[in-house]
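Analysis of the macromolecular model
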Amino acid sequence: MTEVATARRSRITPEREAELYEAVLDLLREVGYDALTMDAVAARTKSSKATLYRQWGGKAELVAKAVRYNKPGGRLGEIDTGSLRGDLHALTLRSDDCEMEQNSALMRGLAMAIHGNPDLLTAFKEHLIEPEMAQFHNVLQRAIDRGEVRADNPAIDFVMHMMIGGFAARSLIDEQPPTQSFLLSYIDAVVLPALGAPVTR
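Structure report, in brief. (Residues numbered from 1 in each chain as written. Predicted model: local features only at pLDDT ≥ 70, side-chain atom pairs only at ≥ 80, totals over all residues. Heavy atoms only, no water.)

Some points on the overall build of the protein chain
Scanning the protein chain from N- to C-terminus turns up ten helices and zero strands. In sequence order, the secondary structure elements of the protein chain are arranged as α-α-α-α-α-α-α-α-α-α. The globule rule puts the C-alpha radius of gyration for 201 residues at 17 Å, and the 18 Å found for the protein chain is close to it. Along the first, second and third principal axes, the C-alpha set of the protein chain runs to 55 × 45 × 30 Å. Taken across its 201 residues, the protein chain has 42% of its residues classed as buried. Long-range contacts, defined as pairs at least 24 residues apart, comprise 67% of the intrachain contacts of the protein chain with a sequence gap of at least 6. As displayed, the protein chain has an accessible area near 10,900 Å², and 55% of this comes from carbon and sulfur atoms. (Helix = DSSP H or I, 4+ residues; strand = E, 2+ residues; numbered from the N terminus. Rg over C-alpha atoms; globule rule 2.2 N^0.38 Å. Buried < 20%, exposed > 50% of the residue type's maximum accessible area, 1.4 Å probe, protein only. Contact = heavy atoms within 4.5 Å. Areas by Shrake-Rupley, 256 points an atom, 1.4 Å probe, with all protein chains shown as cover.)

The following block contains the structure:
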């Protein structure tokens, strides 16, 4: 990114950015992705559309960054408990059951929208999926360095798949929202054994 573009994108304060993201998430829950418009975001946040487009480029990037801002996984890099189990449990405990239920409903709606919106898929990969995969890689690398996980364990490449799968399957199979208790049990029963990592109580 050029210095000029960086300067143009740096005018919004972190507090204002957080306020905008919260408004976007509220609108997503109210009307869904397809019905969400930049006009609605501008009106809700008392912003100009020009400012929104200058800062985020378009709806897909704005939504992807808002979801990233809202996800505890976005702060995974801050977690280092000294064990893989501790790190994954600490990540899970960042959201209470109410937040998990809200996020589950939001992600189900966005998953459907992604199928018909290639720009949204691209934005999600760039701003959400790839950064989270990089942070999970760092957490796993620490576990490898500590000797908890073997570097050649084939399950390493599927940790994100397992975590997302457990979160999504809870609603689909059990017809219940994901909860802390469910996800902590899932990590101990599925993710850690697949990685050959210690499951100590």
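A short note on the packing of helix H2 (residues 14-31) against helix H3 (residues 38-45)
When two helices pack together, their arrangement is given by the angle between the helix axes and the distance between those axes. With their axes 10 Å apart at the nearest point, H2 and H3 run at an angle of 125° to one another. Judged by the inter-axis angle, H2 sits oblique to H3. For H2 against H3, the interelement crossing comes out right-handed. Residue-level inspection shows Arg16, Leu20, Ala23, Val24, Asp26, Leu27 and Glu30 of H2 in contact with H3, the latter providing Ala40, Val41, Arg44 and Thr45. When the residues that make up the contact of H2 with H3 are grouped by side-chain class, the tally is six nonpolar, one polar and four charged. (Axes fitted to C-alpha atoms, helices over the stretch in contact; angles between N-to-C directions. Parallel < 35°, antiparallel > 145°, perpendicular 65-115°, else oblique. Left-handed = near helix turned anticlockwise from the far one by under 90°. Nonpolar A, V, L, I, M, F, W, Y, C, P; charged D, E, K, R; others polar.)

With respect to the pattern of salt bridges
For the structure on display, the rule yields 13 salt bridges. In this structure, arginine 68 and glutamate 132 form a salt bridge, with 3.5 Å as the shortest nitrogen-oxygen distance. Taken together, the residues arginine 68 in helix H5 (residues 59-70) and glutamate 132 in helix H8 (residues 118-146) connect sequence positions 64 residues apart. The same class applies to arginine 68 and to glutamate 132, which are both buried. Here arginine 170 makes a salt bridge to aspartate 174, at a shortest N to O gap of 3.1 Å. In this pair, arginine 170 and aspartate 174 both sit in helix H9 (residues 159-174), four residues apart, roughly one turn of the helix. (Salt bridge = Lys/Arg side-chain N within 4 Å of Asp/Glu carboxyl O.)

With respect to the packing of aromatic side chains
Taken as a whole, this structure holds three aromatic pairs when the rule is applied. Each member of the aromatic cluster is reached from another via a ring pair, and the members are Tyr21, Trp56 and Tyr69. For lysine 59, the ring lying beneath its charged end belongs to tyrosine 33, and the centroid distance is 4.2 Å. (Phe/Tyr/Trp six-rings, centres within 6.5 Å; stacked < 30°, edge-to-face > 60°. Lys NZ or Arg CZ within 6 Å of the ring centre and 35° of its normal.)

Description of unusual backbone geometry
The backbone phi angle of lysine 46 is positive, close to 55°, even though this residue is not glycine. Examined against the element boundaries, lysine 46 turns out to sit in the loop between H3 and helix H4 (49-56).

Details of H5
Between its first and last C-alpha, H5 extends 16 Å over twelve residues, near the 16 Å set by a 1.5 Å rise per residue. Considered for burial, the residues of H5 that qualify are Ala60, Glu61, Leu62, Val63, Ala64, Ala66, Val67 and Arg68. Looking at the packing, one finds that the buried side of H5 touches H2, H3, H4, helix H7 (97-116) and H8. (Expected span 1.5 Å × (residues − 1).)

As for the packing of H3 against H4
Contact geometry for H3 and H4: axes closest at 9 Å, N-to-C directions at 110°. The angle between H3 and H4 places the two elements in the roughly perpendicular class. The handedness of the crossing between H3 and H4 comes out as right-handed. Between H3, through Met38, Asp39, Val41 and Ala42, and H4, the contact on the second element is made entirely by Lys49, Leu52 and Tyr53. Of the residues belonging to the contact of H3 with H4, the class tally is five nonpolar, no polar and two charged.

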